[in-house]
Amino acid sequence: MAQTPSKLVSLAEAAQSVASGASLTAGGFAHSHQPLAFTRELVRQGRSQLTLMSVAECWVAEFLAAAGMLEKVYFSNFMFEGYGRCQRFSKAVEAGTIAVEDHSHFGMVSRLMAAGLGLPFMPILAVSGFEPAAHKAKRLDSPFGNGVVTAVSPLKPDVAVIHAARADRLGNVQLFGTTSVIEEQARTAAQVIVTVEEIVETDVIRRQPELTLLPALMVDMVVHVPYGAHPTGVYGYYDHDAPHLADYYAASRSETDTAAWLDRWVHGLPDHFAYLDTLTISRLLRLRVDPALGYLHEVRHD
Amino acid sequence: MAQTPSKLVSLAEAAQSVASGASLTAGGFAHSHQPLAFTRELVRQGRSQLTLMSVAECWVAEFLAAAGMLEKVYFSNFMFEGYGRCQRFSKAVEAGTIAVEDHSHFGMVSRLMAAGLGLPFMPILAVSGFEPAAHKAKRLDSPFGNGVVTAVSPLKPDVAVIHAARADRLGNVQLFGTTSVIEEQARTAAQVIVTVEEIVETDVIRRQPELTLLPALMVDMVVHVPYGAHPTGVYGYYDHDAPHLADYYAASRSETDTAAWLDRWVHGLPDHFAYLDTLTISRLLRLRVDPALGYLHEVRHD
Amino acid sequence: MTDVSRDEYMAVAASREIRDGDTAFIGTGLPMVAAYLAKATHAPRVNLVFESGIIDPQPVDLATGVGDYRLVHGSTKVAGTFYALSLLQQAKVDIGFLGTAEIDPYGNLNSTVIGPYDRPRVRLPGSGGANDIASMAKRFVVIARLDRKRFVEKVQYLTTPGFLTGPGAREAAGLPGAGPVRVISDRAILGFDPASRRMRVERLYPGATLAEVQEHIAFPIDAAPTLEIEPEPDLHLLRLLRDVIDPDGVYVGRDER
Amino acid sequence: MTDVSRDEYMAVAASREIRDGDTAFIGTGLPMVAAYLAKATHAPRVNLVFESGIIDPQPVDLATGVGDYRLVHGSTKVAGTFYALSLLQQAKVDIGFLGTAEIDPYGNLNSTVIGPYDRPRVRLPGSGGANDIASMAKRFVVIARLDRKRFVEKVQYLTTPGFLTGPGAREAAGLPGAGPVRVISDRAILGFDPASRRMRVERLYPGATLAEVQEHIAFPIDAAPTLEIEPEPDLHLLRLLRDVIDPDGVYVGRDER
């Protein structure tokens, strides 16, 4: 892994490392830092029978579901805050084309953490799913006679895809704001791909080592993808694109409209920069955050 | 706990909350951020039969041992890097006046973490102490048939004493540099006392929330104690006082010299500010760190 | 003042559940409004925790979700999801708020599926932190509009434990939290009988009747021994809600009375 | 060049154990010097991890300990002790270095007590991260001066597992790491027979003899099938050691030859 002097690869190359049938986990929470340029590239390249081991990366799940690429999803909550439930994902579950396994957030994070810490299980006090399936959670007596826990089994995805603020070529990754489940996701995945807004020199990382979320030893590939979370946002860079999300949400009510939306925004565009050009620079600039606040002050709550 | 508008108390008052017979855990690692002003105050007030649940807070252990206040110590490593083993502590163990229970670092941190996470045990893969005593560690089969772990039992001290860089009156605590075991220590202790170099307004905390080690909900008392880690250091403020540590280390070879040293630097001084005056301002200024490096560039390795 | 909307009654009632000094686990929507209202009035020292990993924010603008950057700015700590959730397990969280698609007489909730799990008629968003909050927070409050499809005799999937099958069931299941204390609806405030653990009607909003409340609930429900009428909210609270906390009426509607 | 000290041989030999791209768990003293030397020469992409929670430092000055602020400045990540140690359990650490008060033929170590545990003749510093490193790092290296009191048939306390009782014992105990690969001493480099897991002499420093090495070890020890002589270190390495990494000779003595 660390034998290569630089871990920088192209977005297309990074996406190619995810094979059909692979299991994925993706960073992000609600409308924040979801690796959506990577997701679009994967949809553009085409895959089938993917498994998602997820917590709250609703937009990644929704776009992969809309493209018909998902077979199985482990998750705790997919909800477009301010819009409603994920339509294409939910429809596919209702149609029986995506199998699911539900957890509480803590249960799901703990399953990822178990694998990330190299453990065969993780004890928690909450009863995940309450009537737990035997393969995901079991009641276990403490060997010290001081209580009972729920043991949750490890989940180890093949690939973790993370979008962050900045990284150096060696794979030291920094992110401002909340870190959601990235730490656990990167630890547990066999391969870690990080897309970032900016590539910086290692010296820049060394100036604020307390901001480093993933040290180089956790990371396999780094991809430079400005606006790589759009239409979700990146704290300190740009806010989520509410009208764009609303457009998708409206389209996602019907299969036909979703297909047209995917044609326009994914299949119809050769790459991420064509996507950004189509969005137009003025639209992207309207998302730029207030540097003093870290967010877009003027955004409407729609 | 949070009913008080301010958690600020005096050092004497904070120390009074530790009764004889109590169990303690203290922050710090090697020659860094050990709560030694608090330790001196406790020695000045006098206590007996204390238990220490510790990882690497060697100087706290040594001074409490030198003052004859320790009965039982759980720990993983006490070593004065660059000097040698803790003399008064080691002599007391050899004399049978302090009982000990050994762990590896990971075993000890995991025992604290078990209690801090509200769990009746924590699974680890390392075999703590290798031939573990049954009450501290037991081999446990994973209920999923995928391996065997060592379960370590929880350790829950009555009081955690932490020295940090700065806090507000509500108990939001920030520290620069490594955080050692503070997170786990503060979580597990029934009561958390934090001594700090500076008291700041909550707005200062809010400007860099990513630096907050302990949120207010973890903290019970805050004490303003500049140079509260001396003769150990605080990253970004002052380096450890190598000659002072060497003086103590030389004295600690004999019981008589240790007693004389304690008379001079603890019992003979009414409070922390008298201690600082005795050290002299010029000595303290010689420890001031290079702001660009965060440490004292000129210090000799002695 | 007769122009108080049902949403406003709900927000004020939810806010009252927060005590000063509480650590409160907060989700999007009405709970966020209620928490801001509590912090601005009777509970200035409430510590708010969000599942995205934000601790004690001081937002300038109303957030659109628990991961909203409006919450990050000016918080006292930013961490990750595990950190926030582990506070529940550590018994550091006093109160949590939950919404739901279905609720039964014992306060058990379903936010997972309508219909069979493997082939549901409606796939809902899933537990998220709800099961964790209900299992481990010291107490929790449900916020739900009355509807015979929501207040049902039996939930179709047990996402989130209330009192389960009744007295002693939570303890037997090993759940550390004490369970639900209140169900705040759009016509009345409901609670639970301490002996039977079944839901009961405790307070009616002005204009609502017990019969009307019972009509909107699909299981038999009685009134508490003393059925009270909720007083109209203080003008100061309403001004805060309308002018400061949710000026655009994003979460707290004005019209429905 | 005949003025190479034993410490210098040890530092160079330890440095050679680090491969480029390794993640190495480093303690104070010779391991730190060896790690800096490796990073400055054949292993520029080594990731150094310190138990205080420092990842990949780029120190300007030689540190006096694993928590030294000289390591914090310019590191690529600062975290806590749990984070650093959990990398071992995650099988992310390729190599660790350990010192010891006692070592037996199977590479088992004692750094806890001389004499009975409850009333020791000498109370030593304790395991620290040693047990964790030896249990979980992919491989580990011991650095120890030869002494009949140190190289003993049986350790008085098993702080840290080597090959335990011999072939298969680590696996039976469930230890994830592969065990000790080298013992770097002040007269020779020792290793372990792959079949018997017993210590053997693999390389002699110039001037040292097998008999002399055996004389300083209290258990029977043979030479490896091909007993080599360690070449004198490259001048470039010596200059780095003497002029850049440890100019004051804090950890690497010059005099003892």
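Residues numbered from 1 in each chain as written. Chains lettered and ligands numbered in written order. Predicted model: local features only at pLDDT ≥ 70, side-chain atom pairs only at ≥ 80, totals over all residues. Heavy atoms only, no water.

Undergrad: What exactly am I supposed to notice about the overall build of chain C here?
TA: Secondary structure assignment for chain C yields eight helices and 14 strands. Over its C-alpha trace chain C gives a radius of gyration of 18 Å, about what one expects of a compact globule, namely 18 Å for 257 residues. The dimensions of chain C, computed from C-alpha atoms along their principal axes, are 45 × 45 × 35 Å. Across the 257 residues in chain C, those meeting the buried criterion constitute 66%. For chain C, the share of sequence-separated contacts (at least 6 apart) that also reach a separation of at least 24 residues comes to 65%. Carbon and sulfur atoms make up 51% of the accessible area of chain C, which totals about 8700 Å². Taking the 29 positively charged and 33 negatively charged side chains of chain C as two groups, their mean positions are separated by 3 Å. (Helix = DSSP H or I, 4+ residues; strand = E, 2+ residues; numbered from the N terminus. Rg over C-alpha atoms; globule rule 2.2 N^0.38 Å. Buried < 20%, exposed > 50% of the residue type's maximum accessible area, 1.4 Å probe, protein only. Contact = heavy atoms within 4.5 Å. Areas by Shrake-Rupley, 256 points an atom, 1.4 Å probe, with all protein chains shown as cover. Lys, Arg positive; Asp, Glu negative; His and termini not counted. Charge placed at Lys NZ, Arg CZ, Asp CG, Glu CD.)

Undergrad: Is there a simple way to explain the overall build of chain A in this structure?
TA: Check the secondary structure of chain A and you find eleven helices and 14 strands. Referenced to the eigenvectors of the C-alpha coordinate spread, the extents of chain A come out at roughly 65 × 50 × 35 Å. Looking at chain A as a whole, 67% of its 302 residues are labelled buried. By sequence separation, contacts in chain A at least 24 residues apart represent 74% of the contacts at least 6 residues apart. Summed over its atoms, the accessible surface of chain A is roughly 9500 Å², and 52% of this surface lies on carbon and sulfur atoms. One way to put it: in chain A the 24 positive side-chain charges average out to a point 2 Å from where the 32 negative ones average out.

Undergrad: How do you make sense of the interface of chain C and chain A when you look at a structure like this?
TA: By convention, interface size is frequently given as the accessible area that disappears when the constituent parts associate. Contacts between chain C and chain A engage 51 residues on the former and 57 residues on the latter. Overall, the association of chain C and chain A removes approximately 4300 Å² of surface from exposure, summing both partners, and the carbon and sulfur fraction of that is 58%. Of all residues in chain C, the largest losses of buried area upon contact with chain A belong to Tyr69, Phe82 and Arg123 of chain C, amounting jointly to 19% of the total for that side. Counting across the chain C and chain A interface gives one salt bridge. A salt bridge links Asp102 of chain A to Arg123 of chain C; its shortest N-O distance comes to 2.6 Å. Sorting the residues of the side of chain C that touches chain A by element identifies helix H3 (69-72), helix H4 (81-89), strand S9 (122-123) and helix H5 (130-136) of chain C as the ones contributing at least two each. It is H4 of chain C that provides the largest number of residues to the side of chain C that touches chain A, a total of five residues. Residue composition of the side of chain C that touches chain A, by class: 23 nonpolar, 19 polar and nine charged. (Buried area = accessible area lost by both parts, 1.4 Å probe. Salt bridge = Lys/Arg side-chain N within 4 Å of Asp/Glu carboxyl O. Nonpolar A, V, L, I, M, F, W, Y, C, P; charged D, E, K, R; others polar.)

Undergrad: Please clarify how the state of the cysteines should be interpreted in this entry.
TA: The term disulfide refers to a covalent linkage connecting the sulfur atoms of a pair of cysteines. Residues and elements named next belong to chain A. Evaluation of the coordinates by the stated rule reveals zero disulfides over all chains. Here Cys58 is not cross-linked by a disulfide; its sulfur's nearest cysteine counterpart is in Cys86, at 5.2 Å. Note on Cys58: relative accessible area 1%, which makes it buried. (Disulfide = S-S within 2.5 Å.)

Undergrad: How should I be thinking about helix H2 (residues 36-45) of chain A in this particular structure?
TA: Residues spaced three or four apart along an α-helix point in a common direction, a consequence of the helix completing one turn every 3.6 residues. Residues and elements named next belong to chain A. Taking burial as the measure, the ten residues of H2 include nine buried ones, the bulk of the element. Turning to H2, its buried residues are Leu36, Ala37, Phe38, Thr39, Arg40, Glu41, Leu42, Val43 and Arg44. With its phi angle positive at about 85°, Gly46 sits one or two positions after the end of H2.

Undergrad: When you look at the interface of chain A and chain D in this model, what are you seeing that I'm missing?
TA: Counting from both sides, the interface comprises 22 residues of chain A and, opposite them, 23 residues of chain D. Here chain A packs against chain D, burying approximately 1900 Å² in sum over the two surfaces, 49% of which is carbon and sulfur. Broken down residue by residue, the surface that chain A buries against chain D is led by Arg187, Arg206 and Leu217 of chain A, which jointly contribute 36%. With a shortest N-O distance of 3.6 Å, Asp56 of chain D and Arg206 of chain A are connected by a salt bridge. Among the secondary structure elements, those contributing two or more residues to the side of chain A that touches chain D are helix H6 (182-188), helix H7 (202-207) and strand S13 (212-214) of chain A.

Undergrad: In this structure, what is going on with the pairing of strand S12 (residues 191-199) of chain A? I would like to understand it.
TA: Every other side chain in a regular strand lies on the same face of the sheet, so the side chains alternate between the two faces. Residue and element names in this part refer to chain A. Alignment of strand S10 (residues 159-167) against S12, held across eight bridges, turns out to be parallel. From the neighbouring strand, Ile162 faces S12, where its bridge partner is Val194. Pairing geometry for S12 and strand S14 (residues 221-224), over four bridges, is parallel. Looking at S14, one finds that Thr195 is bridged to Val223. (Pairing = 2+ DSSP bridges.)

Undergrad: Even after reading the chapter, I still don't get the environment of Asp186 of chain D, so can you show me in this structure?
TA: Residues and elements named next belong to chain D. Here Asp186 is to be found in the loop between strand S11 (180-184) and strand S12 (188-192). A residue is classified by how much of its surface remains accessible, and Asp186, at 5% relative accessible area, is buried. Remark: the alpha-carbon pair of Asp186 and Val66, spanning 120 residues in sequence, is separated by 23 Å. With sequence-adjacent residues up to four places away left out, Asp186 is seen in contact with Arg6, Met10, Ala144, Arg145, Leu146 and Tyr205. For Asp186, the side chain forms a polar contact with the main-chain nitrogen of Leu146, separated by 2.9 Å. (Polar contact = N/O pair within 3.5 Å; in protein donor to acceptor, adjacent residues only side chain to side chain.)

Undergrad: Honestly, the packing of helix H2 (residues 30-40) of chain C against helix H8 (residues 235-245) of chain C in this entry has me stumped. Any pointers?
TA: Residue and element names in this part refer to chain C. The N-to-C vectors of H2 and H8 enclose an angle of 120°; their axes lie 11 Å apart at closest approach. In terms of axis orientation, H2 runs oblique to H8. Where H2 crosses over H8, the two elements pack in a sense that is right-handed. Residues Val33, Tyr36, Leu37 and Ala40 of H2 form the contact with H8, whose participating residues are Leu237, Leu240, Leu241 and Ile245. (Axes fitted to C-alpha atoms, helices over the stretch in contact; angles between N-to-C directions. Parallel < 35°, antiparallel > 145°, perpendicular 65-115°, else oblique. Left-handed = near helix turned anticlockwise from the far one by under 90°.)

Undergrad: It is not clear to me how the side chain of Ser32 of chain A should be interpreted in this structure. Could you clarify?
TA: Counting through the fold element by element, Ser32 of chain A comes out in the loop between strand S1 (23-26) and H2. In terms of polar contacts, Ser32 of chain A uses its side chain to reach the side chain of Tyr69 of chain C, at 2.6 Å. Other than its neighbours up to four places away in sequence, Ser32 of chain A contacts Thr232 and Gly233 of chain A together with Gly67 and Tyr69 of chain C.

Undergrad: I tried to follow the packing of aromatic side chains on my own but got confused; where do I start?
TA: Aromatic ring pairs are defined here through the distance separating the ring centres and the angle between the ring planes. Counted by the stated rule, this structure contains 43 aromatic pairs over all chains. A centroid spacing of 6.3 Å and a plane angle of 40° characterise the contact between Trp261 of chain B and Trp265 of chain B, whose relative ring orientation is tilted. With Trp261 of chain B and Trp265 of chain B both in helix H9 (residues 255-267) and four residues apart, this pair spans about one turn of that helix. Residue Trp261 of chain B is classed as buried on the basis of its relative accessible area of 9%. Assessed through its relative accessible area of 6%, Trp265 of chain B is described here as buried. Chaining the aromatic ring pairs together yields one cluster made of Trp59, Phe63, Phe80, Tyr83, Tyr248, Tyr249, Trp261, Trp265 and Tyr275 of chain A. For Arg40 of chain A, the ring lying beneath its charged end belongs to Tyr275 of chain A, and the centroid distance is 3.6 Å. Its end group placed over the ring of Tyr83 of chain D, Lys77 of chain D keeps NZ or CZ at 4.7 Å from the ring centre. (Phe/Tyr/Trp six-rings, centres within 6.5 Å; stacked < 30°, edge-to-face > 60°. Lys NZ or Arg CZ within 6 Å of the ring centre and 35° of its normal.)

Undergrad: Got a minute to help me understand unusual backbone geometry in this structure?
TA: For the bond running from His230 of chain A to Pro231 of chain A, omega is 10°, close enough to zero to count as cis. Among the structural elements, Pro231 of chain A can be located in the loop between S14 and helix H8 (242-251). We note that His33 of chain A has phi near 35°; this positive angle belongs to a residue other than glycine. Position of His33 of chain A among the secondary structure elements: in the loop between S1 and H2. At Thr280 of chain B, a position not held by glycine, the phi torsion is positive, near 80°.

Undergrad: Can you walk me through the domain arrangement of chain A in this structure?
TA: In terms of domains, chain A is made up of domain 1 (11-104 + 156-286) and domain 2 (120-153). A separation of 31 Å is found between the C-alpha centroids of domain 1 of chain A and domain 2 of chain A. (Domains from an automatic or database assignment.)

Undergrad: What exactly am I supposed to notice about the sheet that holds strand S8 (residues 137-141) of chain B here?
TA: Strands pair in a sheet through their backbones, by hydrogen bonds, and they do so in one of two ways: parallel or antiparallel. Residue and element names in this part refer to chain B. The sheet built from three strands is open, its strands ordered S7-S9-S8 with antiparallel pairing. This sheet does not close on itself; its edge strands, each paired only once, are strand S7 (122-124) and S8. Between one strand axis and the next, the sheet turns through 40° on average, direction left out of account. Taken together, the three bridges between S7 and strand S9 (residues 148-152) define a ladder with antiparallel strand orientation. Pairing of Met122 across the sheet is with Val152, part of S9. Along the sheet face, helix H5 (residues 105-116) touches S7 and S9 and points at about 155° away from the line of S7.

Undergrad: Explain the sheet that holds strand S14 (residues 222-229) of chain D here, please?
TA: All names here are of chain D. Strands sit in the order S4-S3-S2-S1-S5-S10-S11-S12-S13-S14 across an open sheet of ten strands; the sheet is mixed. Taken across any chain shown, the strands that pair with only one partner, and hence form the sheet edges, are strand S4 (77-78) and S14. Strand direction decides the pairing type here: strand S5 (residues 95-98) and strand S10 (residues 139-143), joined by four bridges, are parallel. Its bridge partner being in S10, Leu98 is matched across the sheet by Val142. Of the strands in this sheet, S5, S10, S11, S12 and strand S13 (199-204) touch helix H1 (residues 6-16), which is tilted by about 165° from S11. The sheet strands contacting helix H2 (residues 30-40) are strand S2 (47-50), S5 and S10, and the helix crosses S2 at an angle near 160°.

Undergrad: I keep staring at the nonpolar core and nothing clicks. Help me out?
TA: Generally speaking, soluble globular proteins have nonpolar side chains that are buried together. Phe89 of chain A, Phe89 of chain B, Phe151 and Leu190 of chain C together with Phe151 and Leu190 of chain D are the most contacted members of the largest nonpolar core, which has 384 residues in total. In contact with Leu190 of chain C, not counting residues within four places along its chain, are Leu146, Phe151, Val181, Arg182, Val183, Met199, Arg200, Val201, Glu202, Val213 and Ile217 of chain C. In terms of nonpolar packing, the next biggest core, distinct from the first, is built from eight residues, Val155, Leu158, Leu164 and Ala169 of chain D among them. (Core = buried A, V, L, I, M, F, W, Y, C linked by side-chain atoms within 4.5 Å.)

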